[in-house]
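Okay, here's what each chain looks like letter by letter:
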Amino acid sequence: MPNDIEVPWRPGSATGVGSLPFSDPSEAARVVLGELPDLPHLPELPGRGPGADMVGRACGLLVELAVDLQPAGWRLTTGEGLDQGRGRSMLAQDLDALEELAQGYSGPLKVQVAGPWTLAACVERPRGGRVLGDPGARRDIAQSLAEGLSGHLVEVRGRVPGAELVVQLDEPSLPSVLAGSVPTASGFSRYRTVEEYEVLELLRGVLDRVAGDRALPVVHSCAAGVPFDLLVRAGARGLSFDLSRVRERDLDALGAAVDGGVALLVGAVPATRPAAAGAATGGKSAGPSDSDVARSVTVLWRRLGFAADEAARGCVVTPSCGLAGADPAWARTAMALARDAAAHLRTA
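First, a word on what this report is: a plain description of the structure on this page. (Residues numbered from 1 in each chain as written. Predicted model: local features only at pLDDT ≥ 70, side-chain atom pairs only at ≥ 80, totals over all residues. Heavy atoms only, no water.)

## Focus: the overall build of the protein
Step number 1: Per the secondary structure count, the protein includes twelve helices and eight strands.
Step number 2: A principal-axis box enclosing the C-alpha atoms of the protein has dimensions of 55 × 45 × 40 Å.
Step number 3: A burial count over the protein gives 54% of its 348 residues as buried.
Step number 4: Here the analysis covers contacts within the protein between residues at least 6 apart in sequence; of these, 72% occur between residues at least 24 apart.
Step number 5: Each charge class in the protein was averaged separately, 34 positive and 42 negative side chains, and the resulting centres sit 3 Å apart. (Helix = DSSP H or I, 4+ residues; strand = E, 2+ residues; numbered from the N terminus. Buried < 20%, exposed > 50% of the residue type's maximum accessible area, 1.4 Å probe, protein only. Contact = heavy atoms within 4.5 Å. Lys, Arg positive; Asp, Glu negative; His and termini not counted. Charge placed at Lys NZ, Arg CZ, Asp CG, Glu CD.)

## Notes on the nonpolar core
Step number 1: If you look at the biggest cluster of nonpolar residues, it comprises 102 residues, and the most contacted ones within it are Trp117, Leu119, Leu239, Leu264 and Val317.
Step number 2: Among the elements that take part in this core, helix H12 (residues 328–347) stands out by supplying nine residues, more than any other.
Step number 3: Residues in contact with leucine 264, not counting those within four places in the same chain, are Leu239, Phe241, Leu254, Val258, Trp301, Leu304, Gly314, Cys315 and Val316. (Core = buried A, V, L, I, M, F, W, Y, C linked by side-chain atoms within 4.5 Å.)

## As for the sheet that holds strand S8 (residues 315–319)
Step number 1: Read across the sheet, six strands follow the order S3-S4-S5-S6-S7-S8 without closing on themselves; strand pairing throughout is parallel. Two strands lie at the open edges of the sheet, namely strand S3 (106–114) and S8, each paired on one side alone. Here the strands of the sheet are splayed against their neighbours by 25° on average, with no regard to which way each runs.
Step number 2: Summarising the sheet, strand S6 (residues 238–242) and strand S7 (residues 263–269) pair through five bridges and their orientation is parallel. (Pairing = 2+ DSSP bridges. Axes fitted to C-alpha atoms, helices over the stretch in contact; angles between N-to-C directions.)

## Some words on the state of the cysteines
Step number 1: In total, this model carries one disulfide according to the counting rule given.
Step number 2: The disulfide that involves cysteine 222 links it to cysteine 321, with 2.4 Å between the sulfurs. Of this pair, cysteine 222 sits in the loop between strand S5 (216–221) and helix H8 (228–234) while cysteine 321 sits in the loop between S8 and H12; the two residues are 99 residues apart in sequence, bridging distant segments of the chain.
Step number 3: Here cysteine 222 falls in the buried class, since its relative accessible area comes to 17%.
Step number 4: Residue cysteine 321 is classed as partly exposed on the basis of its relative accessible area, which comes to 25%.
Step number 5: Cysteine 122 supplies the cysteine sulfur nearest to cysteine 59, a cysteine that is in no disulfide, at a spacing of 8.9 Å.
Step number 6: Cysteine 315 carries a free sulfur, and the closest cysteine sulfur to it, the one in cysteine 222, is 18 Å from it. (Disulfide = S-S within 2.5 Å.)

## Side note on the packing of helix H10 (residues 290–303) against H12
Step number 1: In the contact formed by H10 and H12, the axes pass within 8 Å of each other and the chain directions differ by 60°. Of the possible angle classes, the one that applies to H10 and H12 is oblique. As H10 runs across H12, the sense of the crossing is right-handed. Between H10, through Asp290, Ser291, Val293, Ala294, Val297 and Thr298, and H12, the contact on the second element is made entirely by Leu337, Asp340, Ala341, His344 and Leu345.
Step number 2: Partitioning the contact of H10 with H12 into residue classes produces six nonpolar, three polar and two charged. (Parallel < 35°, antiparallel > 145°, perpendicular 65-115°, else oblique. Left-handed = near helix turned anticlockwise from the far one by under 90°. Nonpolar A, V, L, I, M, F, W, Y, C, P; charged D, E, K, R; others polar.)

Structure below.
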């Protein structure tokens, strides 16, 4: 086990991925601070509508690039649209709630934003077609995102002065970008594969800006086929993923990442309520126990070639993905399961 994993959270911590199924920012912040005290995060509440979703929130951070919401989705425009302004307003409300409830807090705090390649795959150019199809446009959106994110971190530090910031770039579309499987608007063709060197360059530009702003850069993707080696080469100091999607061929890359001082944020808790087990359990959810979750993380850690009692230092326990699709009760349960499982790792 390497000794150079330097992270702002204590061993045996848990956190959320980002999204929650609430509509009230104060309620969401209160739940997160209560259930995930070692590594809380700024909640995302997409249920409030356009601008509060992952892509809309990132669009609200863009600098010198205007977007609006069209029937086909978010699109670059010549002037700020109502939905972009609404997204910025909702983010300000989220920060207001966090500031009020986190008074006196000192420690790690995670914020999330859609990464440059997911934005490129989701946002359209003014005349149609995704930004992904235009090399100049995808470079512009990556640079704009880096600049806007830097300003956002200044704002967060102003609201929570004791925060040691962790920045999570959400890149669910990255595997599809690399595979050339992002569909065009018609659905009859696909955008061509982007060369790995360009994917690496634009991602590194954002991650380097995060590190330069004294925040720990993490990349999250709950998709299959996450390019872990590429993310590490781009500058990620943490890898966040859905444990159920880890394949045998991913183990070498994950093990090498840990050897290089990279932390793992392991999505080991179901993001939605498991199906009822029927009469045998009285109709109760057939979800895992906290010891089950801890065991699954330990099994992964051992498969990577490390001692089980070192898992607490190298891993953070999380839900497998965002919790926006869960019911509020399960969202609370999932966070509590992650927290209690992490505590098991700490005492192992």
